[in-house]
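Analysis of the macromolecular model
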Amino acid sequence: MSGRFTIVSFHAHPDDEALLTAGTLARAAAEGHRVVLVVATNGEAGLSAELSDGADLGRRRLAELERSAQAIGAARVVVLGHPDSGWTDDPPDGSFCSLDPQAVAAELSEVLEEEQADVLTTYDPAGGYGHPDHIQVHRVAQLAARAAGTPVVLEATADRESVVRATSLLRRLSAVLPTPYLPDLGQAFTPRAEITHRVDVRAHLQAKLRALRAHGSQTGGGEGVRTIAMLIRLPRPLRRRVLGTEWFREVGRTPGAEPLDDVFATLRSGARP
């Protein structure tokens, strides 16, 4: 099998690619692999301190997505353009999370087939921290990968135990430092024992930071400090620790004694999950 692969990374909103996968994708691009971003919505229902009109915010976020893609080294960006559901218990009819997953999967599988994708990244079943559009990304990606015959599906996630420990620390620090809203993450992301890949992206931190900084509209708005704003302001030693690792669970693969550091390991071995 060729040593050069195509990885398609599927996300819900502009900025998700920077938060969850930018280091891994930048590393893949730097190693000569083809990286394609697919984003389901324009992110027009997000928060912003600068723009209150959804259409204007959506256009701004798409421009930010292009800059993030350049920082990562992505060869192509595809925006499906479905309505952003926002974060609400009652999302509007026709928003992304309410659509038939099969219909959206047909759109994604078309991209996978065009690209002859070797790897598809998606989210874990919880959608990371439970956003309804992230959960829909998970559903859609599983269907699309099966339809297109994409051999490797990686669920971008985080080590649940590490996240819980970090949020506990942040809650203690919130008495003296501004911190983002911290929901209960005890059932979010993926238990450590189920993670198959722990990817070292420290050599690509500058690309990841450029991708995060591209999303300037998402550094303000709402109550408290936004996650991107906090991450890009981390002191250098803490930055490497917090941003230098990305986690995945490969669908169909049994976790080994140590997580893999290569998202293409299954393909290089010639095995199929």
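I will try to describe carefully the structure that is included in this document.

We now examine the nonpolar core. Generally speaking, soluble globular proteins have nonpolar side chains that are buried together. Residues Phe 10, Val 38 and Leu 108 are the most contacted members of the largest nonpolar core, which totals 59 residues. Sort the elements by how many residues they give to this core and strand 2 (residues 34-41) lands first, with 6 residues. With sequence-adjacent residues up to four places away left out, Phe 10 is seen in contact with Val 38, Ala 40, Leu 80, Phe 96, Leu 108, Leu 120, Thr 121, Thr 122, Tyr 123, Val 137, Val 140 and Ala 141. Grouped together as the second largest cluster of nonpolar side chains are 6 residues, Ala 158, Val 163, Ala 188 and Phe 189 included.

Right, let's talk about the pairing of strand 4 (residues 119-123) for a bit. Across the 5 residues that make up strand 4, a large majority, 5, are buried. Side-chain alternation along strand 4 places Val 119, Thr 121 and Tyr 123 on one buried face and Leu 120 and Thr 122 on a second face that is also buried. Strand direction decides the pairing type here: strand 1 (residues 6-11) and strand 4, joined by 3 bridges, are parallel. By the bridge assignment for strand 4, Ile 7 is matched with Val 119. Across 5 bridges, strand 4 lies against strand 5 (residues 152-157) in parallel orientation. Considered in strand 5, the bridge of Thr 121 is made with Leu 154.

So, about the packing of aromatic side chains. Enumeration according to the criterion identifies 2 aromatic pairs in this entry. Ring geometry for Trp 87 and Tyr 129: centres 5.6 Å apart, planes at 15 degrees, overall stacked. Of the two residues, Trp 87 is situated in the loop between strand 3 (76-82) and helix 4 (101-115) and Tyr 129 in helix 5 (residues 127-130); the sequence distance between them amounts to 42 residues. In this structure Trp 87 comes out as exposed when scored by relative accessible area, which is 55%.

Orientation of helix 3 (residues 54-72) relative to helix 8 (residues 205-214), taken along the N-to-C sense of each, is 175 degrees, at an axis distance of 8 Å. The angle between the axes of helix 3 and helix 8 places the two elements in the roughly antiparallel class. Here helix 3 contributes Glu 64, Arg 67, Ser 68, Ala 71 and Ile 72 to the contact with helix 8, which in turn contributes Ala 207, Arg 210, Ala 211 and Ala 214. The residue makeup of the contact of helix 3 with helix 8, split by class, is 5 nonpolar, 1 polar and 3 charged.

Reading the values: the criteria
- Residues numbered from 1 in each chain as written.
- Predicted model: local features only at pLDDT ≥ 70, side-chain atom pairs only at ≥ 80, totals over all residues.
- Heavy atoms only, no water.
- Core = buried A, V, L, I, M, F, W, Y, C linked by side-chain atoms within 4.5 Å.
- Buried < 20%, exposed > 50% of the residue type's maximum accessible area, 1.4 Å probe, protein only.
- Helix = DSSP H or I, 4+ residues; strand = E, 2+ residues; numbered from the N terminus.
- Contact = heavy atoms within 4.5 Å.
- Pairing = 2+ DSSP bridges.
- Phe/Tyr/Trp six-rings, centres within 6.5 Å; stacked < 30°, edge-to-face > 60°.
- Axes fitted to C-alpha atoms, helices over the stretch in contact; angles between N-to-C directions.
- Parallel < 35°, antiparallel > 145°, perpendicular 65-115°, else oblique.
- Nonpolar A, V, L, I, M, F, W, Y, C, P; charged D, E, K, R; others polar.

The analysis is restricted to geometry; functional conclusions fall outside its scope.
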